[in-house]
Amino acid sequence: MNILTMIGILLGAGVIVTDRHIHPLPQWLAIVLYTAAVALTIAGMLIQRNANN
């Protein structure tokens, strides 16, 4: 598993856990962080796929 994929998954999970259980995040911040998490996850998957070919 690519390091970008792992960072993206951890960031996404951290945003969800923080927003629901620790302290509600402002909506704009949650959207920006979760979008970054999705982008990192997809980028890591693409890099890994290209490395295997």
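Undergrad: I tried to follow the packing of helix 1 (residues 3-22) against helix 2 (residues 27-52) on my own but got confused; where do I start?
TA: The contact between helix 1 and helix 2 brings their axes to 7 Å, and the two run at 155°. Relative to helix 2, the element helix 1 lies roughly antiparallel. Of the two elements, helix 1 crosses helix 2, and the hand of that crossing is left-handed. Seen from helix 1, the contacting residues are Leu4, Thr5, Ile7, Gly8, Ile9, Leu11, Gly12, Val15 and Ile16; seen from helix 2, they are Ala30, Leu33, Tyr34, Ala36, Ala37, Leu40, Thr41, Ala43, Gly44, Met45 and Ile47. Its residues placed into classes, the contact of helix 1 with helix 2 shows 15 nonpolar, 5 polar and no charged.

Undergrad: How do you make sense of helix 2 when you look at a structure like this?
TA: Turn by turn, an α-helix covers 3.6 residues, leaving residues three or four places apart pointing in a common direction. The end-to-end C-alpha distance of helix 2, which contains 26 residues, comes to 38 Å, matching closely the 38 Å that a straight helix rising 1.5 Å per residue would cover. Here helix 2 has its buried residues at Ala30, Ala37, Thr41 and Gly44. Along its buried surface, helix 2 packs onto helix 1.

Undergrad: Please clarify how the environment of leucine 11 should be interpreted in this entry.
TA: Mapping leucine 11 onto the fold places it in helix 1. Leucine 11 gets classed as partly exposed once you look at its relative accessible area, which sits at 28%. Placed 29 residues apart in sequence, leucine 11 and leucine 40 show a C-alpha to C-alpha distance of 9.1 Å. What leucine 11 contacts, discounting residues up to four positions off in sequence, is Leu33, Ala36, Ala37 and Leu40.

Rules and cut-offs
- Residues numbered from 1 in each chain as written.
- Predicted model: local features only at pLDDT ≥ 70, side-chain atom pairs only at ≥ 80, totals over all residues.
- Heavy atoms only, no water.
- Axes fitted to C-alpha atoms, helices over the stretch in contact; angles between N-to-C directions.
- Helix = DSSP H or I, 4+ residues; strand = E, 2+ residues; numbered from the N terminus.
- Parallel < 35°, antiparallel > 145°, perpendicular 65-115°, else oblique.
- Left-handed = near helix turned anticlockwise from the far one by under 90°.
- Contact = heavy atoms within 4.5 Å.
- Nonpolar A, V, L, I, M, F, W, Y, C, P; charged D, E, K, R; others polar.
- Expected span 1.5 Å × (residues − 1).
- Buried < 20%, exposed > 50% of the residue type's maximum accessible area, 1.4 Å probe, protein only.

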